[in-house]
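# Secondary and tertiary structure notes
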Amino acid sequence: MNTSGHGGQPPLLTFQIITDTHVTADPAHEYNLNFERALQDLAGHAQGSSGIMHIGDITDHGFAEEYAEVHRILQLHQASLPEIRFTLGNHDVGLGHWESRLAMYTSRMGMPGPYHDHWTDGYHFIFLGTEEGLPTFCNLSDEQLRWLDRKLGEGVPDSRQPDGQMELELGAAAPPNQPVFLFLHQPLKDTVAGSLESQEWYGVTQDKELRSILAKYPQTLLFTGHTHWELEVDNTMYPGNGETATMFNAASVAYLWTNADEHKTGSQGFYVEVYTDKVLVRGRDFTTGTWIEAAEYEVVNTVNVPGQSSEKVHIK
């Protein structure tokens, strides 16, 4: 991965995004093979990465044998991959008994619950997830939304604690222009590709409430999956324009969908580079091992005023 072509400066942070792997119990299934191919690409081009973020629908049905296949495939490339963090998808928990499917997800993927957050190299990564096993939508509790509001305004952890634990400096706030990376399987309605009302693949029960929170933190970059829409379409990115989060549809590793409302064979995801003044989001075709020129975006921070944030998005 070329990380020195932007003013000659290396990025402060890099990470990758995949979603909708839909791994089945059959090792020879197309989806499983696509997941393996994507991991091969990541292993070869994500050196120095701070992590891979998976935005849900890890499995096709949430079955134990499917999780076993996930682990088999991961182990093939584990030594060459950075840490992978996971998000709940409706296919993981929405097709059976909620409590047992959630327990399967947390125990097999090592995540603490439906929602969690992590500080990595001074940047905040926040993962949201449904708290009810709905077929397609997600349901975010009031408690989770209050938690999100707190987390988006949280200060940078102080790593200088004597016990080595990452603790928050009381009263310290993250710089208003520092991006926060947020992950949720389902997109908000009428935002990114596939989420238009006519397309029917939006899916946040608390759509209005989540929008209200994001409007307070326009430095947020929200990445979602669920729709499978190919990255070449013109609304892969939804600009926040300094008024809300900038949002991205992350396509799918298993298979793609088109504006013609048709299935398309393919496998895509994102490579992300973070610089002092911008975030570069680059679409990747895992099938061909090439960059997607139509899906390269720069989210540029243009105002550095305490308490304010404004961003512009450049489509390369």
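One can find the structure itself at the top, above this paragraph.
Turning our attention to the side chain of Gln-199. Its place among the elements puts Gln-199 in the loop between strand 8 (180-184) and helix 6 (207-214). With relative accessibility at 17%, the residue Gln-199 sits in the buried group. Among the polar contacts made by the side chain of Gln-199, one reaches the main-chain amide nitrogen of Gly-194 at a distance of 2.9 Å. Setting aside anything within four residues of it in sequence, one finds Gln-199 in contact with Ala-193, Gly-194, Trp-229 and Asn-259.

For helix 2 (residues 64-77), spanning 14 residues, the distance from its first C-alpha to its last is 21 Å, which sits close to the expected 20 Å at 1.5 Å a residue. The set of residues buried in helix 2 consists of Glu-66, Tyr-67, Glu-69, Val-70, Ile-73, Leu-74 and His-77. Down the axis of helix 2, the sector holding all buried residues measures 155°, keeping them to one side. Those residues of helix 2 that are buried lie in contact with helix 1 (30-45), strand 3 (84-86), helix 3 (90-93) and helix 4 (98-109).

With that settled, the discussion passes to the environment of Thr-288. With respect to the secondary-structure elements, Thr-288 resides in the loop between strand 15 (278-285) and strand 16 (290-303). Sequence separation between Thr-288 and Ser-267 is 21 residues, and the spatial gap between their C-alpha atoms is 8.9 Å. Of the polar contacts made by the side chain of Thr-288, one reaches the side chain of Thr-290; its length is 2.6 Å.

Moving on, we come to the packing of aromatic side chains. Counted by the stated rule, this structure contains 17 aromatic pairs. Between Phe-15 and Phe-181 the ring centres are 4.9 Å apart and the planes differ by 65°, which places this aromatic pair in the edge-to-face class. With Phe-15 in strand 1 (residues 13-18) and Phe-181 in strand 8, the pair connects residues that are 166 residues apart, well separated along the chain. Under the relative-accessibility criterion, Phe-15 is labelled buried at 0%. Accessibility expressed as a relative area gives 0% for Phe-181, which makes it buried. With a centroid separation of 5.8 Å and 20° between ring planes, the pair formed by Phe-183 and Phe-223 is classed as stacked. Here Phe-183 is found in strand 8, whereas its partner Phe-223 is found in strand 9 (residues 220-224), with 40 residues between them in sequence. Taking relative accessible area as the criterion, Phe-223 reaches 0% and is therefore assigned buried.

Below, the discussion takes up the sheet that holds strand 11 (residues 246-249). Within the open sheet, the 6 strands sit side by side as 4-5-8-9-11-10. Their pairing is mixed. Across the chains shown, the open sheet's two edge strands, defined by having one partner strand only, are strand 4 (116-120) and strand 10 (237-238). Bridging between strand 8 and strand 9 involves 5 bridges; their strand directions are parallel. Its bridge partner lying in strand 9, Val-180 is registered against Thr-220.

It is the contact of helix 1 with helix 2, at a shortest axis distance of 10 Å, that shows an interaxial angle of 25°. The orientation of helix 1 with respect to helix 2, classified from their angle, is roughly parallel. Helix-helix and strand crossings are classified by hand; for helix 1 and helix 2 the assignment is right-handed. The residues of helix 2 that touch helix 1, namely those facing Asn-32, Phe-35, Glu-36, Leu-39 and Gln-40, are Glu-69, Val-70, Ile-73, Leu-74, Leu-76 and His-77.

Right, let's talk about the packing of helix 2 against helix 4 for a bit. Orientation of helix 2 relative to helix 4, taken along the N-to-C sense of each, is 20°, at an axis distance of 11 Å. Classed by the angle they form, the pair helix 2 and helix 4 counts as roughly parallel. By crossing handedness, the relation of helix 2 to helix 4 is classed as right-handed. Every residue of helix 4 that contacts helix 2 at Ala-64, Tyr-67, Ala-68, Val-70, His-71 and Leu-74 is listed here: Met-104, Tyr-105, Arg-108 and Met-109.

Attention now moves to unusual backbone geometry. Look at His-22: it is not a glycine, yet its phi comes out positive at around 50°. Even without a glycine there, the phi angle at Asp-57 is positive, about 55°. Following the sequence through the fold, Asp-57 ends up in the loop between strand 2 (52-54) and helix 2. A relative accessible area of 1% places Asp-57 in the buried class.

For the rest of this paragraph, the subject is the pattern of salt bridges. Per the counting criterion, the structure on display carries 12 salt bridges. Between Asp-149 and Lys-216 there is a salt bridge; the shortest N-O distance is 2.8 Å. Of this pair, Asp-149 sits in helix 5 (residues 142-152) while Lys-216 sits in the loop between helix 6 and strand 9; the two residues are 67 residues apart in sequence, bridging distant segments of the chain. For Asp-149, a relative accessible area of 22% gives the class partly exposed. With a shortest N-O distance of 3.8 Å, Glu-298 and Lys-278 are connected by a salt bridge.

Parameters and conventions
- Residues numbered from 1 in each chain as written.
- Predicted model: local features only at pLDDT ≥ 70, side-chain atom pairs only at ≥ 80, totals over all residues.
- Heavy atoms only, no water.
- Helix = DSSP H or I, 4+ residues; strand = E, 2+ residues; numbered from the N terminus.
- Buried < 20%, exposed > 50% of the residue type's maximum accessible area, 1.4 Å probe, protein only.
- Polar contact = N/O pair within 3.5 Å; in protein donor to acceptor, adjacent residues only side chain to side chain.
- Contact = heavy atoms within 4.5 Å.
- Expected span 1.5 Å × (residues − 1).
- Arc of directions from axis to C-beta.
- Phe/Tyr/Trp six-rings, centres within 6.5 Å; stacked < 30°, edge-to-face > 60°.
- Pairing = 2+ DSSP bridges.
- Axes fitted to C-alpha atoms, helices over the stretch in contact; angles between N-to-C directions.
- Parallel < 35°, antiparallel > 145°, perpendicular 65-115°, else oblique.
- Left-handed = near helix turned anticlockwise from the far one by under 90°.
- Salt bridge = Lys/Arg side-chain N within 4 Å of Asp/Glu carboxyl O.

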